[in-house]
Amino acid sequence: MTGLVRTTAALAATILAVAAFPAAAQSLPRAVVGACHISPIVSDLEQSARFYHNLLGMDLMPAPPPGALPWDTDPGHLLLHGLPDARLRFIQARMPGVRCGIELVEFANVDRHPVRRRYQDPGAATIILMVRDVDAAFSALRAAGAHVVTTSGGPISMSPANKTRAVTVQDPDGHYVELAQIDPPPPTAVAASSNVIGIRLRLTVADVEQSLAYYEHVLGVKGMARAYARSPAVMDMAGLPAAGEYQLATIQMPGSALVFELIAFKGLDSAKTPVPSRVQDPGSFRLQLTMGSIDAALATLKDAGARVISTGGVPVSMTFGSRPWRLSVVPDANNLFLIVQQAPPAQPAP
């Protein structure tokens, strides 16, 4: 847990002690038992792949063939998103040797309307990348013309108590990407060849306490929140007016290295409710979660007002390798699209 505490990155001055969190209610059938890819929806897969691979040095998986990235041929992926007549292609950007990472997804042959949320508006997602060298990462992005969100225009010091530095940029579709170099450096098993050594997801919400209660109820996960605070460095990093205040909560996803952060602001011109979008719209965002029971999870989500968008409103059966899985896509109360899935039961040892 100590390593996770050290990798909260840009909000280091207000970090929560992950080790002190209450255990999530994993005994509930509806609860999360694992989390994997965070997944921005993009308008041009090649362009996005270049951003995360060429500029940030992440590995592309599966290894792309020469030429254009191929369109997926499995109709299950389209049924999963409730878009049977569309087209879809995807590729993952990962750290070396780490199975879960960023899954970039592009839809076509379907109506799409790009959405670009402001950082302070509910529904805005930020990909947090912990890096060994923030200056090297930022230099490549700046040279390529990436849009810089941080008011100071480059990496800034986040705390007078240490040398943690961070900067926020936007990828080609306006998804926020925070680069954070932690001091002292967190322990990592990621290969020395990779500048990126950790990934988190931060979601802007209208009310942190209400969102924590929502995720505990529908996903069986728990987190803790601190009171609102002022930090000129945090506001600078997010490209927001210094007079604003923020509240942060952190959820350690069960069975996973993924940390899910919730942030809310006051004293700013913020939307009161999540800015809506559809799953196919560039600027939307997905989160992949494995549940103890997909049926129990969907029942709880529906009771909370969510709607399954998968075709027919029921889970889709798909086979990965030789293992049958059941999956559905559900937009949650913050317009984050949850891929809820259930793994096949473990086979008894011979």
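This structure is a prediction, so every number in the text was calculated from the model and none was measured. (Residues numbered from 1 in each chain as written. Predicted model: local features only at pLDDT ≥ 70, side-chain atom pairs only at ≥ 80, totals over all residues. Heavy atoms only, no water.)

### Topic: the sheet that holds strand 3 (residues 87-94)
Two orientations exist for strands paired in a sheet by backbone hydrogen bonds: parallel and antiparallel. How we decide: By the convention used here, strands pair only if DSSP detects at least 2 bridges between them. Every helix listed is a DSSP run of H or I at least four residues long, and every strand listed is a run of E at least two residues long, numbered separately from the N terminus. Angles shown run from 0 to 180 degrees and are taken between the N-to-C directions of axes, each axis being a line fitted to C-alpha atoms and, for helices, limited to the stretch in contact. By definition in these notes, contact holds between two residues if any of their heavy atoms fall within 4.5 Å.
Taken in spatial order, the eight strands make up an open sheet running 2-3-4-1-14-17-16-15, and their pairing is mixed. Looking at the sheet topology across the chains shown, the edges are occupied by strand 2 (59-61) and strand 15 (316-320). On average, each strand axis in the sheet is inclined to that of its neighbour by 30°, with strand direction left out of account. Against the sheet, helix 2 (residues 45-55) touches strand 1 (32-42), strand 2, strand 3 and strand 4 (102-108), its axis set at about 165° to strand 4.

### Description of empty space enclosed by the protein
Defined as follows: Only protein atoms enter the 1 Å grid used here. Points where a 1.4 Å probe fits but cannot escape make up a cavity, open sets with protein on both sides within 12 Å along at least five of seven lines make up a pocket, and a residue lines them when an atom lies within 4 Å of a point. Grid points are joined across faces, edges and corners, and a volume is the space filled by probe spheres set on the points.
One pass over the full model with this rule turns up one cavity of 30 Å³ or more. In this structure, the largest cavity encloses a volume near 120 Å³. Surrounding the largest cavity, 16 residues form its lining, Arg117, Ala124, Ala125, His175 and Gly283 being those nearest its centre.

### Side note on the pairing of strand 17 (residues 337-342)
Cut-off, in case you're wondering: Think of it in three bands: with a 1.4 Å probe and only protein chains considered, a residue is buried below 20% of the maximum accessible area for its type, exposed above 50%, and partly exposed in between.
Among the six residues in strand 17, five count as buried, and that is most of the element. The pairing of strand 14 (residues 285-291) with strand 17 spans five bridges and is classified as parallel. Considered in strand 17, the bridge of Gln288 is made with Ile339. With six bridges joining them, strand 16 (residues 323-331) and strand 17 adopt antiparallel strand pairing. Note on strand 17: the bridge partner recorded for Ser328 is Val340. What sits between the antiparallel neighbours strand 16 and strand 17 is a turn of five residues, in which Asn335 has the positive phi angle 60°.

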